Amino acid sequence: MLEEPYRWVEAIRNRREYLEDQLAGASPVIACRYADGLLLLTTTPGPRKIFEAYNQIAFAGVGHPADIEKLRKSVIDIAHLEAFNLSARDVSLQRLVNFGVGPLMKAAFDEIFRSPFIARVMVAELDPTQERETFYTVDADGSFTGADSVAVIAGTPEVADAIRAHLSQDTADQPLKQALRSCVSAWGVGRLRGEAAAEELDEPTSAQIAEAITSALESVHLEAAVLDRTLPTKTKFRLLDEPTLAAAADAATDVSGSGS
Amino acid sequence: MSSGGDWRTTPAAALTDGSDFLHLLKENGHSAPSTTSQHAGTIDTPTEGTTILAIRYREGVLVAGDRRATAGNVIVYDRAAKVLSVDDRSVMALSGSPASAYEIARLLEISFQHYRRTQLQELSLDGRLRTLSRLLRDNLPMAMQGIGAVVPIYATYEDGNPREGTEAGGKIFFYDVLGATFESVDFCTTGSGSPIIRGALYYQNRWEQPFVERDEAQALLLVLKMLETAAEFDTATGGFSATAAIYPQVMRVTRDGISDIDDETLAQTYRAANVSG
(Lines give C-alpha, C1' and ligand atoms only; values in the text may rest on other atoms or scores of the structure.)
Protein backbone atom coordinates (compact mmCIF):
# COMPACT_ATOMS: atom_id res chain seq x y z
CA MET A 1 0.00 0.00 0.00
CA LEU A 2 2.95 2.27 0.55
CA GLU A 3 4.10 2.28 -3.06
CA GLU A 4 1.76 5.17 -3.71
CA PRO A 5 3.37 8.46 -2.70
CA TYR A 6 0.32 9.94 -1.03
CA ARG A 7 0.00 6.85 1.15
CA TRP A 8 3.53 7.42 2.37
CA VAL A 9 2.80 11.05 3.15
CA GLU A 10 -0.31 9.93 4.96
CA ALA A 11 1.65 7.36 6.94
CA ILE A 12 4.17 10.01 7.98
CA ARG A 13 1.35 12.33 8.99
CA ASN A 14 -0.20 9.59 11.11
CA ARG A 15 3.14 9.01 12.68
CA ARG A 16 3.53 12.65 13.54
CA GLU A 17 0.09 12.69 15.13
CA TYR A 18 0.89 9.55 17.05
CA LEU A 19 4.09 11.08 18.38
CA GLU A 20 2.42 14.35 19.33
CA ASP A 21 -0.27 12.39 21.11
CA GLN A 22 2.29 10.27 23.00
CA LEU A 23 4.44 13.22 24.02
CA ALA A 24 1.67 15.70 24.85
CA GLY A 25 1.67 15.00 28.60
CA ALA A 26 5.45 15.14 29.05
CA SER A 27 6.80 17.28 31.85
CA PRO A 28 9.13 19.84 30.27
CA VAL A 29 12.88 20.02 30.78
CA ILE A 30 14.03 23.61 31.20
CA ALA A 31 17.64 24.66 30.79
CA CYS A 32 19.18 28.05 31.38
CA ARG A 33 22.43 29.71 32.30
CA TYR A 34 23.36 30.85 35.78
CA ALA A 35 26.38 32.54 37.30
CA ASP A 36 28.54 29.40 37.63
CA GLY A 37 27.36 27.48 34.57
CA LEU A 38 24.20 25.83 33.30
CA LEU A 39 21.11 24.59 35.09
CA LEU A 40 18.70 21.89 33.86
CA LEU A 41 15.41 21.22 35.64
CA THR A 42 12.37 19.01 35.23
CA THR A 43 9.96 16.87 37.23
CA THR A 44 9.51 13.14 37.05
CA PRO A 45 7.36 10.47 38.64
CA GLY A 46 10.40 8.21 38.95
CA PRO A 47 12.87 7.57 36.12
CA ARG A 48 15.70 10.05 35.77
CA LYS A 49 15.56 12.42 32.82
CA ILE A 50 18.74 14.51 33.19
CA PHE A 51 22.12 12.83 32.72
CA GLU A 52 25.83 13.38 32.35
CA ALA A 53 26.95 12.77 28.76
CA TYR A 54 30.54 13.99 28.87
CA ASN A 55 32.81 16.13 31.06
CA GLN A 56 31.11 19.38 30.14
CA ILE A 57 27.99 18.04 28.41
CA ALA A 58 24.59 17.15 29.88
CA PHE A 59 21.79 15.24 28.21
CA ALA A 60 18.08 15.35 28.99
CA GLY A 61 15.03 13.82 27.41
CA VAL A 62 11.25 13.70 27.66
CA GLY A 63 9.14 10.81 26.40
CA HIS A 64 9.38 7.07 26.68
CA PRO A 65 12.03 6.08 29.25
CA ALA A 66 13.39 3.23 27.10
CA ASP A 67 13.82 5.55 24.11
CA ILE A 68 15.48 8.19 26.26
CA GLU A 69 17.90 5.50 27.46
CA LYS A 70 18.76 4.44 23.89
CA LEU A 71 19.40 8.01 22.80
CA ARG A 72 21.39 8.75 25.92
CA LYS A 73 23.55 5.71 25.27
CA SER A 74 24.15 6.81 21.67
CA VAL A 75 25.17 10.31 22.72
CA ILE A 76 27.56 8.95 25.37
CA ASP A 77 29.06 6.44 22.93
CA ILE A 78 29.68 9.09 20.29
CA ALA A 79 31.16 11.52 22.81
CA HIS A 80 33.61 8.94 24.18
CA LEU A 81 34.64 7.64 20.76
CA GLU A 82 35.29 11.22 19.75
CA ALA A 83 37.30 11.83 22.92
CA PHE A 84 39.35 8.70 22.31
CA ASN A 85 40.03 9.30 18.63
CA LEU A 86 40.70 13.02 18.92
CA SER A 87 40.65 14.77 22.28
CA ALA A 88 38.32 15.85 25.06
CA ARG A 89 38.15 19.35 23.58
CA ASP A 90 36.87 18.01 20.27
CA VAL A 91 33.68 16.64 21.77
CA SER A 92 31.14 19.29 20.78
CA LEU A 93 27.36 19.58 20.73
CA GLN A 94 27.36 20.44 17.09
CA ARG A 95 28.96 17.15 16.10
CA LEU A 96 26.93 15.13 18.62
CA VAL A 97 23.69 16.53 17.22
CA ASN A 98 24.35 17.21 13.53
CA PHE A 99 26.05 13.89 12.85
CA GLY A 100 24.80 11.79 15.76
CA VAL A 101 21.48 12.03 17.46
CA GLY A 102 19.75 14.18 14.79
CA PRO A 103 20.20 11.75 11.89
CA LEU A 104 19.55 8.80 14.24
CA MET A 105 16.13 10.13 15.22
CA LYS A 106 15.34 11.19 11.67
CA ALA A 107 16.14 7.71 10.36
CA ALA A 108 13.92 6.07 12.96
CA PHE A 109 11.15 8.53 12.18
CA ASP A 110 11.31 7.84 8.43
CA GLU A 111 11.29 4.08 8.71
CA ILE A 112 7.56 3.63 8.89
CA PHE A 113 7.57 -0.06 9.62
CA ARG A 114 9.54 0.43 12.79
CA SER A 115 8.77 2.41 15.88
CA PRO A 116 10.14 5.96 15.98
CA PHE A 117 11.81 7.32 19.10
CA ILE A 118 9.01 8.60 21.30
CA ALA A 119 11.22 11.29 22.75
CA ARG A 120 12.48 14.84 22.50
CA VAL A 121 15.98 15.39 23.74
CA MET A 122 18.27 18.23 24.71
CA VAL A 123 22.02 18.53 25.07
CA ALA A 124 23.81 21.33 26.89
CA GLU A 125 27.48 22.25 26.83
CA LEU A 126 29.24 24.33 29.44
CA ASP A 127 31.32 27.17 27.97
CA PRO A 128 31.49 25.93 24.38
CA THR A 129 34.51 27.08 22.38
CA GLN A 130 34.40 29.19 19.23
CA GLU A 131 31.06 30.82 19.98
CA ARG A 132 29.12 27.63 19.43
CA GLU A 133 25.60 27.16 20.76
CA THR A 134 25.16 26.32 24.43
CA PHE A 135 22.04 24.20 23.94
CA TYR A 136 20.56 22.01 21.24
CA THR A 137 17.08 20.54 21.28
CA VAL A 138 16.13 17.66 18.99
CA ASP A 139 12.52 16.84 18.13
CA ALA A 140 11.19 13.31 17.64
CA ASP A 141 11.50 13.68 13.85
CA GLY A 142 15.19 14.54 14.16
CA SER A 143 14.93 18.27 13.48
CA PHE A 144 17.20 20.25 15.75
CA THR A 145 17.57 23.82 16.95
CA GLY A 146 20.39 25.56 18.77
CA ALA A 147 19.88 28.08 21.55
CA ASP A 148 22.10 30.35 23.59
CA SER A 149 20.47 31.35 26.83
CA VAL A 150 17.35 29.20 27.35
CA ALA A 151 16.26 25.83 25.96
CA VAL A 152 13.06 23.92 26.58
CA ILE A 153 11.76 20.52 25.52
CA ALA A 154 8.10 19.99 26.38
CA GLY A 155 5.00 18.01 25.46
CA THR A 156 3.64 20.65 23.11
CA PRO A 157 5.08 23.72 21.36
CA GLU A 158 2.62 25.93 23.26
CA VAL A 159 4.02 24.84 26.61
CA ALA A 160 7.58 25.35 25.40
CA ASP A 161 6.74 28.84 24.13
CA ALA A 162 5.03 29.80 27.38
CA ILE A 163 8.06 28.70 29.39
CA ARG A 164 10.51 30.52 27.12
CA ALA A 165 8.39 33.67 27.37
CA HIS A 166 8.41 33.43 31.16
CA LEU A 167 12.19 33.01 31.20
CA SER A 168 12.78 35.84 28.75
CA GLN A 169 14.98 37.63 31.24
CA ASP A 170 18.52 36.29 30.92
CA THR A 171 19.57 34.36 34.02
CA ALA A 172 23.29 34.30 33.16
CA ASP A 173 24.29 36.49 36.11
CA GLN A 174 21.98 34.99 38.69
CA PRO A 175 23.21 32.80 41.54
CA LEU A 176 22.01 29.20 41.49
CA LYS A 177 19.27 29.73 44.06
CA GLN A 178 17.64 32.49 42.07
CA ALA A 179 17.94 30.69 38.73
CA LEU A 180 16.44 27.58 40.30
CA ARG A 181 13.47 29.52 41.57
CA SER A 182 12.93 31.10 38.14
CA CYS A 183 13.04 27.67 36.51
CA VAL A 184 10.62 26.12 38.98
CA SER A 185 8.09 28.88 38.44
CA ALA A 186 8.62 28.70 34.66
CA TRP A 187 7.85 25.01 35.01
CA GLY A 188 4.64 25.97 36.84
CA VAL A 189 3.72 28.28 33.95
CA GLY A 190 4.24 25.39 31.56
CA ARG A 191 2.04 23.19 33.69
CA LEU A 192 -0.80 25.75 33.62
CA ARG A 193 -0.38 26.20 29.88
CA GLY A 194 -0.53 22.44 29.32
CA GLU A 195 -3.72 22.09 31.31
CA ALA A 196 -5.51 25.05 29.75
CA ALA A 197 -7.25 25.01 26.40
CA ALA A 198 -5.38 27.02 23.78
CA GLU A 199 -7.13 30.35 24.07
CA GLU A 200 -8.42 30.57 27.61
CA LEU A 201 -5.25 31.43 29.48
CA ASP A 202 -4.19 34.96 30.25
CA GLU A 203 -0.89 35.78 31.86
CA PRO A 204 -1.03 33.59 35.02
CA THR A 205 -0.73 35.26 38.41
CA SER A 206 2.00 34.19 40.79
CA ALA A 207 -0.67 32.67 43.05
CA GLN A 208 -1.88 30.50 40.18
CA ILE A 209 1.67 29.43 39.37
CA ALA A 210 2.35 28.58 43.00
CA GLU A 211 -0.79 26.51 43.24
CA ALA A 212 0.03 24.64 40.04
CA ILE A 213 3.49 23.77 41.37
CA THR A 214 2.21 22.71 44.79
CA SER A 215 -0.45 20.42 43.37
CA ALA A 216 1.91 18.94 40.78
CA LEU A 217 4.60 18.14 43.34
CA GLU A 218 2.19 15.88 45.19
CA SER A 219 2.58 13.24 42.50
CA VAL A 220 5.96 14.00 40.89
CA HIS A 221 9.27 15.25 42.24
CA LEU A 222 11.75 17.83 41.01
CA GLU A 223 14.94 16.74 39.33
CA ALA A 224 17.73 19.17 38.53
CA ALA A 225 21.40 19.14 37.64
CA VAL A 226 24.07 21.70 36.95
CA LEU A 227 27.16 21.91 34.83
CA ASP A 228 29.25 23.83 37.31
CA ARG A 229 32.50 25.38 36.08
CA THR A 230 33.74 25.82 39.65
CA LEU A 231 33.97 22.03 40.20
CA PRO A 232 37.64 21.01 40.47
CA THR A 233 37.07 17.68 38.69
CA LYS A 234 37.14 17.09 34.94
CA THR A 235 33.46 16.31 35.14
CA LYS A 236 31.42 19.44 35.67
CA PHE A 237 28.08 17.63 36.01
CA ARG A 238 26.40 17.48 39.40
CA LEU A 239 22.88 16.40 40.35
CA LEU A 240 21.26 18.73 42.85
CA ASP A 241 20.30 17.15 46.16
CA GLU A 242 16.91 16.86 47.80
CA PRO A 243 17.23 19.81 50.28
CA THR A 244 18.31 22.21 47.50
CA LEU A 245 15.33 21.19 45.39
CA ALA A 246 12.91 21.41 48.31
CA ALA A 247 14.18 24.91 49.08
CA ALA A 248 13.72 25.90 45.44
CA ALA A 249 10.15 24.57 45.45
CA ASP A 250 9.41 26.50 48.64
CA ALA A 251 10.88 29.69 47.22
CA ALA A 252 8.87 29.37 44.01
CA THR A 253 5.58 28.73 45.81
CA ASP A 254 6.05 31.47 48.38
CA VAL A 255 3.63 34.07 47.02
CA SER A 256 3.98 36.37 50.03
CA GLY A 257 7.68 36.93 49.31
CA SER A 258 9.23 38.82 46.43
CA GLY A 259 8.18 36.14 43.89
CA SER A 260 9.72 35.97 40.48
CA MET B 1 26.71 3.46 16.53
CA SER B 2 26.30 0.56 18.89
CA SER B 3 23.93 -2.18 17.89
CA GLY B 4 23.21 -2.67 21.58
CA GLY B 5 19.57 -1.79 21.12
CA ASP B 6 18.96 -4.42 18.48
CA TRP B 7 16.17 -6.80 19.48
CA ARG B 8 18.21 -9.78 18.29
CA THR B 9 21.00 -9.34 20.80
CA THR B 10 20.78 -11.63 23.79
CA PRO B 11 20.53 -10.00 27.23
CA ALA B 12 24.10 -11.04 28.04
CA ALA B 13 25.44 -9.57 24.82
CA ALA B 14 23.42 -6.40 25.39
CA LEU B 15 25.04 -6.02 28.79
CA THR B 16 28.57 -6.04 27.43
CA ASP B 17 27.53 -3.98 24.44
CA GLY B 18 26.14 -1.38 26.75
CA SER B 19 28.95 -0.96 29.18
CA ASP B 20 32.14 -2.01 27.50
CA PHE B 21 34.02 0.79 25.82
CA LEU B 22 36.66 -1.58 24.44
CA HIS B 23 33.93 -3.54 22.71
CA LEU B 24 32.47 -0.32 21.35
CA LEU B 25 35.85 0.65 19.92
CA LYS B 26 36.25 -2.63 18.09
CA GLU B 27 32.70 -2.53 16.82
CA ASN B 28 33.33 0.87 15.31
CA GLY B 29 36.47 -0.22 13.58
CA HIS B 30 38.89 1.48 15.96
CA SER B 31 41.14 -1.04 17.53
CA ALA B 32 42.37 -1.07 21.06
CA PRO B 33 46.17 -1.41 21.35
CA SER B 34 45.76 -5.09 20.59
CA THR B 35 47.68 -5.99 17.45
CA THR B 36 47.29 -9.62 16.62
CA SER B 37 48.98 -9.26 13.25
CA GLN B 38 52.61 -10.27 12.99
CA HIS B 39 55.00 -7.49 12.16
CA ALA B 40 58.07 -8.11 10.11
CA GLY B 41 61.20 -6.61 11.60
CA THR B 42 61.66 -4.98 14.97
CA ILE B 43 62.75 -1.62 16.23
CA ASP B 44 66.16 -2.01 17.80
CA THR B 45 65.99 0.78 20.31
CA PRO B 46 62.45 1.53 21.43
CA THR B 47 61.86 4.54 23.67
CA GLU B 48 61.69 3.41 27.32
CA GLY B 49 63.55 3.47 30.65
CA THR B 50 62.22 4.66 33.96
CA THR B 51 62.00 4.48 37.69
CA ILE B 52 58.53 4.74 39.17
CA LEU B 53 57.51 4.08 42.73
CA ALA B 54 54.48 4.27 44.97
CA ILE B 55 54.41 4.21 48.76
CA ARG B 56 51.53 4.08 51.21
CA TYR B 57 51.89 6.84 53.79
CA ARG B 58 49.55 8.07 56.50
CA GLU B 59 47.06 9.95 54.32
CA GLY B 60 47.09 7.75 51.25
CA VAL B 61 49.53 6.96 48.48
CA LEU B 62 52.38 8.95 46.93
CA VAL B 63 53.15 7.99 43.36
CA ALA B 64 56.34 9.30 41.77
CA GLY B 65 58.30 8.93 38.59
CA ASP B 66 61.42 10.39 37.01
CA ARG B 67 61.08 12.39 33.79
CA ARG B 68 63.51 10.70 31.43
CA ALA B 69 62.62 8.78 28.28
CA THR B 70 65.44 6.90 26.60
CA ALA B 71 66.04 4.83 23.48
CA GLY B 72 69.09 2.65 24.00
CA ASN B 73 71.70 4.98 25.38
CA VAL B 74 70.12 8.08 23.88
CA ILE B 75 68.06 10.44 26.01
CA VAL B 76 64.93 11.16 24.00
CA TYR B 77 63.18 13.50 26.37
CA ASP B 78 63.78 14.85 29.85
CA ARG B 79 60.28 16.04 30.72
CA ALA B 80 58.20 12.94 30.14
CA ALA B 81 55.11 12.52 32.31
CA LYS B 82 54.93 9.01 33.68
CA VAL B 83 52.36 9.50 36.41
CA LEU B 84 48.97 10.00 34.80
CA SER B 85 45.58 10.64 36.36
CA VAL B 86 43.04 8.01 35.40
CA ASP B 87 40.00 9.43 37.16
CA ASP B 88 39.21 11.56 40.18
CA ARG B 89 40.59 9.06 42.66
CA SER B 90 43.18 6.96 40.88
CA VAL B 91 46.47 7.36 39.04
CA MET B 92 48.61 5.12 36.91
CA ALA B 93 52.40 5.24 36.74
CA LEU B 94 54.13 3.77 33.74
CA SER B 95 57.36 2.04 33.08
CA GLY B 96 58.16 0.57 29.72
CA SER B 97 57.20 1.74 26.28
CA PRO B 98 55.56 5.18 26.47
CA ALA B 99 53.67 4.69 23.21
CA SER B 100 51.77 1.69 24.55
CA ALA B 101 51.57 3.10 28.06
CA TYR B 102 49.98 6.42 27.06
CA GLU B 103 47.47 4.60 24.91
CA ILE B 104 46.60 2.24 27.74
CA ALA B 105 46.22 5.10 30.23
CA ARG B 106 43.99 6.95 27.78
CA LEU B 107 41.83 3.91 27.11
CA LEU B 108 41.55 3.22 30.81
CA GLU B 109 40.41 6.74 31.60
CA ILE B 110 37.81 6.80 28.85
CA SER B 111 36.59 3.28 29.66
CA PHE B 112 35.93 4.22 33.29
CA GLN B 113 34.18 7.45 32.31
CA HIS B 114 32.10 5.64 29.71
CA TYR B 115 31.12 2.95 32.19
CA ARG B 116 30.11 5.44 34.85
CA ARG B 117 28.05 7.53 32.48
CA THR B 118 26.25 4.74 30.66
CA GLN B 119 25.66 2.47 33.65
CA LEU B 120 25.04 5.28 36.17
CA GLN B 121 27.31 3.61 38.72
CA GLU B 122 31.03 3.58 39.42
CA LEU B 123 33.07 0.66 38.18
CA SER B 124 34.20 -1.32 41.24
CA LEU B 125 37.86 -1.57 42.19
CA ASP B 126 37.97 -5.18 40.96
CA GLY B 127 36.34 -4.11 37.72
CA ARG B 128 38.93 -1.38 37.22
CA LEU B 129 41.84 -3.69 37.95
CA ARG B 130 40.43 -6.24 35.55
CA THR B 131 40.08 -3.65 32.77
CA LEU B 132 43.74 -2.69 33.07
CA SER B 133 44.66 -6.36 33.10
CA ARG B 134 42.76 -6.93 29.86
CA LEU B 135 44.49 -4.01 28.19
CA LEU B 136 47.90 -5.41 29.14
CA ARG B 137 46.86 -8.77 27.82
CA ASP B 138 45.80 -7.16 24.54
CA ASN B 139 49.19 -5.50 24.39
CA LEU B 140 50.98 -8.83 24.69
CA PRO B 141 51.81 -9.29 20.96
CA MET B 142 53.67 -5.97 21.04
CA ALA B 143 55.43 -6.87 24.27
CA MET B 144 56.49 -10.20 22.79
CA GLN B 145 58.27 -8.37 20.01
CA GLY B 146 60.20 -6.43 22.58
CA ILE B 147 58.88 -3.02 21.66
CA GLY B 148 55.71 -2.35 23.61
CA ALA B 149 56.01 -3.89 27.04
CA VAL B 150 54.32 -1.89 29.77
CA VAL B 151 54.53 -2.53 33.51
CA PRO B 152 52.17 -0.14 35.26
CA ILE B 153 51.51 0.70 38.88
CA TYR B 154 47.89 1.57 39.68
CA ALA B 155 47.15 3.52 42.86
CA THR B 156 43.77 4.48 44.21
CA TYR B 157 42.01 5.55 47.39
CA GLU B 158 39.12 3.35 48.48
CA ASP B 159 36.41 4.28 50.93
CA GLY B 160 36.04 1.42 53.34
CA ASN B 161 33.00 -0.81 53.32
CA PRO B 162 32.13 -2.12 56.82
CA ARG B 163 29.89 -4.82 55.39
CA GLU B 164 32.72 -6.29 53.39
CA GLY B 165 35.18 -5.69 56.18
CA THR B 166 37.38 -3.34 54.16
CA GLU B 167 39.00 -0.27 55.63
CA ALA B 168 39.36 3.11 54.00
CA GLY B 169 42.83 3.83 52.67
CA GLY B 170 45.22 4.05 49.78
CA LYS B 171 45.87 0.95 47.71
CA ILE B 172 48.73 0.09 45.35
CA PHE B 173 48.62 -2.54 42.64
CA PHE B 174 51.22 -3.58 40.14
CA TYR B 175 51.11 -5.78 37.09
CA ASP B 176 53.41 -8.00 35.14
CA VAL B 177 53.67 -7.83 31.36
CA LEU B 178 51.04 -10.56 30.99
CA GLY B 179 48.47 -8.64 33.01
CA ALA B 180 48.59 -10.46 36.35
CA THR B 181 47.57 -8.17 39.23
CA PHE B 182 49.38 -7.98 42.58
CA GLU B 183 48.63 -5.76 45.54
CA SER B 184 51.51 -4.10 47.36
CA VAL B 185 51.24 -3.69 51.08
CA ASP B 186 53.75 -0.91 51.72
CA PHE B 187 55.51 0.14 48.56
CA CYS B 188 56.12 -0.81 44.98
CA THR B 189 58.68 0.17 42.38
CA THR B 190 59.17 -0.85 38.76
CA GLY B 191 61.28 0.22 35.81
CA SER B 192 64.96 -0.04 34.98
CA GLY B 193 66.04 1.80 38.13
CA SER B 194 63.83 -0.16 40.50
CA PRO B 195 66.28 -2.94 41.46
CA ILE B 196 68.64 -0.27 42.78
CA ILE B 197 66.18 1.17 45.29
CA ARG B 198 64.08 -1.84 46.16
CA GLY B 199 66.37 -2.94 48.95
CA ALA B 200 66.72 0.60 50.25
CA LEU B 201 62.95 0.96 50.38
CA TYR B 202 62.62 -2.31 52.25
CA TYR B 203 65.28 -1.28 54.73
CA GLN B 204 63.66 2.11 55.35
CA ASN B 205 60.24 0.59 55.90
CA ARG B 206 61.45 -2.34 58.01
CA TRP B 207 64.19 -0.85 60.15
CA GLU B 208 63.75 2.94 60.16
CA GLN B 209 60.09 3.94 60.25
CA PRO B 210 57.16 2.17 58.58
CA PHE B 211 55.91 4.23 55.63
CA VAL B 212 52.30 4.13 56.82
CA GLU B 213 53.32 6.08 59.91
CA ARG B 214 55.02 8.86 57.95
CA ASP B 215 53.34 12.14 57.14
CA GLU B 216 53.39 13.72 53.71
CA ALA B 217 56.57 15.76 54.14
CA GLN B 218 58.51 12.71 55.36
CA ALA B 219 57.09 10.49 52.64
CA LEU B 220 57.86 13.07 49.97
CA LEU B 221 61.46 13.43 51.11
CA LEU B 222 61.89 9.67 51.06
CA VAL B 223 60.47 9.37 47.56
CA LEU B 224 62.72 12.10 46.18
CA LYS B 225 65.81 10.58 47.81
CA MET B 226 64.94 7.22 46.28
CA LEU B 227 64.55 8.67 42.79
CA GLU B 228 67.83 10.48 43.17
CA THR B 229 69.48 7.21 44.19
CA ALA B 230 68.04 5.39 41.21
CA ALA B 231 69.22 8.14 38.87
CA GLU B 232 72.72 7.88 40.29
CA PHE B 233 73.13 4.26 39.19
CA ASP B 234 70.70 3.90 36.27
CA THR B 235 71.37 5.94 33.15
CA ALA B 236 67.79 5.49 31.98
CA THR B 237 66.46 7.27 35.06
CA GLY B 238 66.56 11.05 35.05
CA GLY B 239 67.68 13.03 38.08
CA PHE B 240 66.51 16.51 38.94
CA SER B 241 67.91 19.80 37.86
CA ALA B 242 67.17 22.99 39.75
CA THR B 243 68.75 25.13 37.03
CA ALA B 244 66.69 23.61 34.22
CA ALA B 245 63.68 23.26 36.56
CA ILE B 246 63.32 19.56 35.88
CA TYR B 247 61.81 17.82 38.86
CA PRO B 248 60.37 14.35 39.25
CA GLN B 249 56.66 14.03 39.02
CA VAL B 250 54.88 13.24 42.29
CA MET B 251 51.14 12.83 42.82
CA ARG B 252 49.23 12.22 46.01
CA VAL B 253 46.18 9.98 46.15
CA THR B 254 44.17 10.70 49.30
CA ARG B 255 40.62 10.82 50.56
CA ASP B 256 40.28 14.23 48.90
CA GLY B 257 41.10 12.84 45.46
CA ILE B 258 44.30 13.18 43.50
CA SER B 259 46.59 16.15 43.10
CA ASP B 260 50.05 17.06 41.86
CA ILE B 261 52.78 18.12 44.22
CA ASP B 262 54.01 21.32 42.61
CA ASP B 263 57.58 22.05 41.58
CA GLU B 264 57.97 24.70 44.26
CA THR B 265 57.29 22.17 47.04
CA LEU B 266 59.69 19.70 45.39
CA ALA B 267 62.40 22.36 45.12
CA GLN B 268 61.93 23.28 48.79
CA THR B 269 62.13 19.65 49.85
CA TYR B 270 65.41 19.25 47.96
CA ARG B 271 66.79 22.43 49.50
CA ALA B 272 65.75 21.36 52.98
CA ALA B 273 67.55 18.05 52.46
CA ASN B 274 70.66 19.94 51.31
CA VAL B 275 70.62 18.32 47.92
CA SER B 276 71.72 20.51 45.06
CA GLY B 277 70.79 19.79 41.48
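Conventions and cut-offs
Residues numbered from 1 in each chain as written. Chains lettered and ligands numbered in written order. Predicted model: local features only at pLDDT ≥ 70, side-chain atom pairs only at ≥ 80, totals over all residues. Helix = DSSP H or I, 4+ residues; strand = E, 2+ residues; numbered from the N terminus. Buried ≥ 20, exposed ≤ 12 C-beta atoms within 10 Å, placed from the backbone. Contact = placed C-beta atoms within 7 Å. Axes fitted to C-alpha atoms, helices over the stretch in contact; angles between N-to-C directions. Left-handed = near helix turned anticlockwise from the far one by under 90°. Nonpolar A, V, L, I, M, F, W, Y, C, P; charged D, E, K, R; others polar. Pairing = 2+ DSSP bridges.

**Student:** Please provide a residue-by-residue account of the overall build of chain B, values included.
**Tutor:** Within chain B one finds 8 helices and 13 strands. Relative to its 277 residues, chain B shows a buried fraction of 45%. Of the contacts made within chain B by residues no fewer than 6 positions apart, 66% connect residues no fewer than 24 positions apart.

**Student:** Which residues make up the packing of helix H3 (residues 98–119) of chain B against helix H4 (residues 125–138) of chain B, and what are the values?
**Tutor:** If you want to describe how two helices pack, look at the angle between their axes and the distance between the axes. Residue and element names in this part refer to chain B. Two elements in contact, H3 and H4, have axes separated by 10 Å at closest approach and are oriented at 145°. Considering how the two elements wind past one another, H3 and H4 form a crossing that is right-handed. Between H3, through Ile104, Leu107, Leu108, Ser111 and Phe112, and H4, the contact on the second element is made entirely by Arg128, Thr131, Leu132 and Leu135. Classifying every residue of the contact of H3 with H4 gives 6 nonpolar, 2 polar and 1 charged.

**Student:** Residues and numbers for the environment of Pro5 of chain A, please.
**Tutor:** Residue and element names in this part refer to chain A. Note that Pro5 resides in helix H1 (residues 5–23). Taking the number of C-beta atoms within 10 Å as the measure of exposure, Pro5 has 8 and is therefore exposed. Residues Pro5 and Thr205 lie 200 residues apart in sequence; the distance between their C-alpha atoms is 49 Å.

**Student:** Can you lay out the interface of chain A and chain B for me, pointing to particular residues and giving the numbers?
**Tutor:** With 14 residues of chain A at the interface, the matching set in chain B holds 17 residues. Every element with two or more residues in the side of chain A that touches chain B is listed here: strand S3 (50–54) and helix H2 (65–85) of chain A. No other element matches the 10 residues that H2 of chain A contributes to the side of chain A that touches chain B.

**Student:** Hey, could you go over the packing of helix H6 (residues 206–216) of chain A against helix H7 (residues 242–253) of chain A for me, with residue numbers and the actual values?
**Tutor:** Orientation of H6 of chain A relative to H7 of chain A, taken along the N-to-C sense of each, is 145°, at an axis distance of 8 Å. Counted together, Ala210, Ile213 and Thr214 of chain A of H6 of chain A and Ala249, Ala252 and Thr253 of chain A of H7 of chain A form the full contact between these two elements.

**Student:** Provide a residue-level description of the sheet that holds strand S8 (residues 150–153) of chain A, including the pertinent values.
**Tutor:** The strands making up a sheet associate through hydrogen bonds between their backbones, and the pairing can be parallel or antiparallel. Residue and element names in this part refer to chain A. The strand order S8-S1-S2-S9-S10 describes an open sheet built from 5 strands, whose pairing is antiparallel. At either end of the open sheet lies a strand with only one pairing partner, and these are S8 and strand S10 (237–239). Put simply, the sheet's adjacent strands are angled 20° from each other on average, direction ignored.

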